[in-house]
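Observations on chain architecture
Here is what each chain is made of, one letter per residue.
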Amino acid sequence: MSAVIEMRAIKREYCMDSNKKKTASVIVRALRGVDFFANEGEFVSVMGPSGSGKSTLMNILGCLDKPTSGTYFLDGEETSKSDSNTFAYIRNRKIGFIFQSFNLLSRTTALENVELPLFYRREKFNKERAKEVLDEVGLSQRMDHYPSQLSGGQQQRVAIARAMVNDPAFLLADEPTGNLDSEMTLEIMALFQQLNDKGKTVIMVTHEPELAEYTKRIITLRDGLLVSDEQVKQRRL
C-alpha cells in the first residue's frame, strides 16, 4: 500500500499577545512534534480531549493551515511550504471535506451541490460523475431534491458525495455525525465503512469513543502530542 499521508515532526505554534502592557507575547504550542502516517485504504479516527490539538491537526491535514515546522507529504507531494494558490488546488483535487453542518447550498438541488467542486476546477459540469457518486451514497432517487426536502442523514450523504466527486486522495470528516440522531449516525458510519471497503481512505475527527469503534485505527492526541496509535478490531455495521 502507498502512503497517502506522511507527517514528520509537525509543530504548530501560535503567538498570543498579552493584554498587559510591556509583557512578552505568549507562545501556544498546539502541536509539539507529531508524526502521523496513513496508507491508502485506511480508516482512521483522531481522538483527544478539548485542547489536545485535534482541530489544529485537522486544519494542517486539510491544508487549511501550515505547520510552524515539520514536513507534510500528501499523496507524495510536500505541502508544508505551499503558497495559498497551491493550497487551494490541493484542497480541491486531493481532499474531500465532510463537516458536521453539511454546508449545502439551500437553493440548489442535491445534484447541483455535488457538481460544485467540478465548477471550481473551471471545468464543464460533469453531471454523469455527480450522478455516479450520488448513486454510490444511495441517493439516485433524490438528486433533484433541495436540502430542505431531505433528512439530516440524506443531507450528509449529499455532502459525502460532494466530497467524493473529484476522487480525492482521502476523505477528511470532522465530527460528521454531530448533527444527527442515533439511527442516522449509524447509517453514515455504515456508509463510511462501505466506501472504505472499496478502497477510499477516511480520516475522521471525533470525540466519541463509540464512533471510533467503527474505524480500523485510532490515534489519540493529548497536549499537542500523539500519545497512542493503535489498530483496533473494527465494529461492523
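Check the entry above for the structure.
Note that the structure is a prediction, hence the values are computed from the model and not measured.

**Considerations on unusual backbone geometry**
- For Ala9, which is not glycine, the phi dihedral falls at a positive 50°.
- Locating Ala9 in the fold gives a position in strand β1 (residues 3-16).
- On the basis of relative accessible area, Ala9 is assigned to the partly exposed category, the value being 39%.
- Phi is positive for Asp167, close to 50°, though the residue is something other than glycine.
- For Asp167, a relative accessible area of 53% translates into the label exposed.

**Description of the nonpolar core**
- The biggest cluster of nonpolar side chains holds 34 residues, and the ones touching the most others in it are Val114, Leu134, Val158, Ile160 and Phe192.
- Those elements that provide at least two residues to this core are α3 (110-120), α4 (127-136), α5 (152-164), β7 (170-174), α6 (182-197) and β8 (202-205).
- Ranked by residue count, the leading element in this core is α5, at six residues.
- With 28 residues, the next largest nonpolar core counts Met58, Leu61, Leu172 and Val205 among its residues.

**Structural notes on helix α2 (residues 84-94)**
- All of the buried residues in α2 are Phe87, Ile90 and Asn92.
- Packing partners of the buried residues in α2 comprise β4 (69-74), β5 (77-78), β6 (95-98) and α3.
- The distance from a side-chain oxygen at the start of α2 to the backbone nitrogen of Asn85 is 3.3 Å, and the residue carrying that oxygen is Asp83.

**What to know about the sheet that holds β1**
- One open sheet holds the four strands; their spatial order is β2-β1-β4-β5, and the pairing between them is antiparallel. Across the chains shown, the open sheet's two edge strands, defined by having one partner strand only, are β2 (26-39) and β5.
- In terms of strand pairing, β4 meets β5 through two bridges, oriented antiparallel. Bridging across to β5, Phe73 finds its partner in Glu78.

**Notes on the packing of α3 against α4**
- At a closest axis distance of 9 Å, the pairing of α3 and α4 adopts a crossing angle of 115°. In terms of orientation, α3 lies roughly perpendicular with respect to α4. In the packing of α3 onto α4, the handedness of the crossing is right-handed. Residues Ala110, Leu111, Val114 and Glu115 of α3 pack against Lys127, Ala130, Lys131, Val133 and Leu134 of α4.
- Its residues placed into classes, the contact of α3 with α4 shows six nonpolar, no polar and three charged.

**What about the sheet that holds strand β3 (residues 43-47)?**
- Read across the sheet, six strands follow the order β6-β7-β8-β3-β9-β10 without closing on themselves; strand pairing throughout is mixed. Edge positions in the open sheet fall to β6 and β10 (225-231), since each of these has one partner strand only. When the angles between neighbouring strand axes are averaged without regard to direction, this sheet yields 20°.
- With four bridges joining them, β7 and β8 adopt parallel strand pairing. By the bridge assignment, Ala173 is partnered in β8 with Met204.
- Against the sheet, helix α1 (residues 54-61) engages β3, β6, β7, β8 and β9 (217-222), with an angle of about 150° to β7.
- Those strands touched by α5 are β6 and β7, and its axis lies near 165° from that of β6.

**Re the pattern of salt bridges**
- Overall, the coordinates contain 13 salt bridges when judged by the stated rule.
- The salt bridge partner of Arg12 is Asp65, with a shortest N-O separation of 2.9 Å. Of this pair, Arg12 sits in strand β1 while Asp65 is found in the loop between α1 and β4, placing the two residues 53 residues apart along the sequence. For the residue pair Arg12 and Asp65, the accessibility class agrees, reading buried in each case.
- Between Asp229 and Arg217 there is a salt bridge; the shortest N-O distance is 2.8 Å.

**Focus: the environment of Ile10**
- Positionally, Ile10 belongs in strand β1.
- A relative accessible area of 0% means that Ile10 is categorised as buried.
- Setting aside residues no more than four positions away along its own chain, Ile10 makes contact with Leu31, Arg32, Gly33, Val34, Ile60, Pro67, Ser69, Gly70, Thr71 and Tyr72.

Criteria and cut-off values
- Residues numbered from 1 in each chain as written.
- Predicted model: local features only at pLDDT ≥ 70, side-chain atom pairs only at ≥ 80, totals over all residues.
- Heavy atoms only, no water.
- Helix = DSSP H or I, 4+ residues; strand = E, 2+ residues; numbered from the N terminus.
- Buried < 20%, exposed > 50% of the residue type's maximum accessible area, 1.4 Å probe, protein only.
- Core = buried A, V, L, I, M, F, W, Y, C linked by side-chain atoms within 4.5 Å.
- Contact = heavy atoms within 4.5 Å.
- Polar contact = N/O pair within 3.5 Å; in protein donor to acceptor, adjacent residues only side chain to side chain.
- Pairing = 2+ DSSP bridges.
- Axes fitted to C-alpha atoms, helices over the stretch in contact; angles between N-to-C directions.
- Parallel < 35°, antiparallel > 145°, perpendicular 65-115°, else oblique.
- Left-handed = near helix turned anticlockwise from the far one by under 90°.
- Nonpolar A, V, L, I, M, F, W, Y, C, P; charged D, E, K, R; others polar.
- Salt bridge = Lys/Arg side-chain N within 4 Å of Asp/Glu carboxyl O.

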